[in-house]
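# Structural overview
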Amino acid sequence: EAQVTQNPRYLITVTGKKLTVTCSQNMNHEYMSWYRQDPGLGLRQIYYSMNVEVTDKGDVPEGYKVSRKEKRNFPLILESPSPNQTSLYFCASSHTTNEKLFFGSGTQLSVL
Amino acid sequence: SQQGEEDPQALSIQEGENATMNCSYKTSINNLQWYRQNSGRGLVHLILIRSNEREKHSGRLRVTLDTSKKSSSLLITASRAADTASYFCATDPEGNQFYFGTGTSLTVIP
């Protein structure tokens, strides 16, 4: 089954404790991206990747890192999480930006 | 921001009625897409319309695109309670990023 798998689904952590949210797709997509969703603000793009070893900043990259060492995986790293990074995060992928995005189920992150 | 904006923010209708929501954007685009989100879940793609298309249909969905007005509309005909969700438009003005609006929350009352 074609899917984007995100883990974990829920995560509670404390300020400053490094964490990684994993994202994997099984559709051989070149394009992958991360979004955060906050009430009243819609989805905002954090980082995106057009292919392996190619990553670019989105609208809200501060405080986040990503890597794309393999085509299928695109982890989101928070080196030193802060409470303002409490949000619902989504990973998504597509063949190209001219095609539809497939979304993961989301990760609800709470930073205390 | 190049983000699209949906209008209205919230819409409540009776089952069987049609629901129309609009999306406006700021710059020229390659494509415009509509997505649906059920309460906190991942977004699901509904329909993609290219900049050289004016109208597209998919089942009970009808999407129009007016590039001169930089706007799009999504019509859901004969709505059902299961259509209750948030609906988002997404644009790709530069061809390498997607920009989502803040969404329209649709409630269909049985």
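Described below are features of the structure shown in this document. These figures come from a predicted structure and were not determined experimentally. (Residues numbered from 1 in each chain as written. Chains lettered and ligands numbered in written order. Predicted model: local features only at pLDDT ≥ 70, side-chain atom pairs only at ≥ 80, totals over all residues. Heavy atoms only, no water.)

### Some words on the overall build of chain B
What counts is decided by this rule: Helix and strand definitions follow DSSP, with helices as H or I runs of at least four residues and strands as E runs of at least two, each counted in order from the N terminus. It is over C-alpha atoms that the radius of gyration is taken, and the globule rule equals 2.2 Å times the number of residues to the power 0.38. Residue exposure (1.4 Å probe, protein chains only): buried if accessible area is under 20% of the type maximum, exposed if over 50%, otherwise partly exposed. Working rule for contacts: check all heavy atoms of both residues, and any pair within 4.5 Å makes them a contact. Methods summary: accessible areas were calculated by the Shrake-Rupley approach with a probe of 1.4 Å, and residue burial reflects only the protein chains presented. Counting rule applied: Lys, Arg positive; Asp, Glu negative; His and chain ends not counted. For the purpose of locating charges, the reference atoms are NZ of Lys, CZ of Arg, CG of Asp and CD of Glu.
In terms of regular secondary structure, chain B is built from zero helices and eleven strands. Counted from the first residue to the last, chain B has its helices and strands arranged as β-β-β-β-β-β-β-β-β-β-β. What you see for chain B is a C-alpha radius of gyration of 13 Å, in line with the 13 Å of a compact globule of 110 residues. Counting every position in chain B, which comprises 110 residues, the buried fraction comes to 47%. Restricting to contacts in chain B with at least 6 residues of sequence separation, those with at least 24 account for 55%. Working note: accessible area of chain B is about 5000 Å², and carbon and sulfur atoms make up 44% of it. Charge centroids of chain B, computed over 11 positive and 11 negative side chains, lie 4 Å from each other.

### Observations concerning the overall build of chain A
Assigned secondary structure in chain A consists of zero helices and eleven strands. From first element to last, N terminus to C terminus, chain A shows the α and β order β-β-β-β-β-β-β-β-β-β-β. The globule rule puts the C-alpha radius of gyration for 112 residues at 13 Å, and the 13 Å found for chain A is close to it. For chain A, buried positions account for 48% of its 112 residues. As presented, chain A carries roughly 5200 Å² of accessible surface, and 50% of it is formed by carbon and sulfur atoms. One finds the centroid of the 12 positive side-chain charges in chain A at a distance of 6 Å from the centroid of its 10 negative side-chain charges.

### Re the layout of surface pockets
Let me state the cut-off plainly: Residues are said to line a cavity or pocket when one of their atoms sits within 4 Å of a point; the points come from a 1 Å grid over protein atoms alone, cavities being sets where a 1.4 Å probe fits but cannot get out and pockets being open sets with protein on both sides within 12 Å along at least five of seven lines. Grid points are joined across faces, edges and corners, and a volume is the space filled by probe spheres set on the points. For this classification, the nonpolar set comprises Ala, Val, Leu, Ile, Met, Phe, Trp, Tyr, Cys and Pro, the charged set comprises Asp, Glu, Lys and Arg, and every other residue, Gly included, is treated as polar.
Empty space within the largest pocket amounts to approximately 330 Å³. Going through the elements one at a time, β4 (31-38) of chain A together with β9 (85-91) and β11 (104-109) of chain B are the ones with two or more residues in the lining of the largest pocket. It is β9(B) that contributes the most residues to the lining of the largest pocket, three residues altogether. Taken together, the residues of the lining of the largest pocket sort by class into four nonpolar, twelve polar and one charged.

### A look at the nonpolar core
We apply this condition: As used in this record, nonpolar core signifies buried Ala, Val, Leu, Ile, Met, Phe, Trp, Tyr and Cys residues forming a set joined through side-chain atoms within 4.5 Å.
Among the nonpolar cores identified, the biggest contains 21 residues, and B:Met21, B:Leu32, B:Trp34, B:Leu74, B:Ile76, B:Tyr87 and B:Leu106 are the most heavily contacted of them. Aside from chain neighbours lying at most four places away, what touches B:Leu106 is B:Leu11, B:Ile13, B:Ala19, B:Met21, B:Ile76, B:Asp83, B:Thr84, B:Ala85 and B:Tyr87. If you look at the next biggest cluster of nonpolar residues, it comprises 19 residues, including A:Val4, A:Leu19, A:Trp34 and A:Leu109.

### Looking at a nonpolar patch on the surface
Filter applied, for reference: For patch building, the residue pool is restricted to those with more than 30% relative accessible area and no salt bridge; the joining distance is 9 Å between like charges and 5 Å between nonpolar side chains (Val, Leu, Ile, Met, Phe, Trp, Tyr). A carboxyl oxygen of Asp or Glu within 4 Å of a side-chain nitrogen of Lys or Arg is what we treat as a salt bridge.
On the surface, a cluster of nonpolar side chains totalling about 330 Å² of accessible area is made up of A:Ile12, A:Val14 and A:Leu112. For A:Val14, the position within the fold is in the loop between β2 (10-13) and β3 (19-25).

### Quick word on the side chain of B:Arg36
Residues and elements named next belong to chain B. Definition in use: What qualifies as a polar contact is a pair of N or O atoms within 3.5 Å, subject to a donor-acceptor requirement within protein and to the restriction that residues adjacent in sequence count only when both atoms come from side chains.
Counting through the fold element by element, arginine 36 comes out in strand β4 (residues 31-37). The exposure class of arginine 36 is buried, given its relative accessible area of 17%. A polar contact is formed between the side chain of arginine 36 and the side chain of asparagine 38, at a distance of 3.1 Å. Within the local environment of arginine 36, its side chain forms a polar contact with the side chain of tyrosine 87, the two groups lying 3.4 Å apart.

Interpretation in functional terms is not warranted from these geometric data alone.
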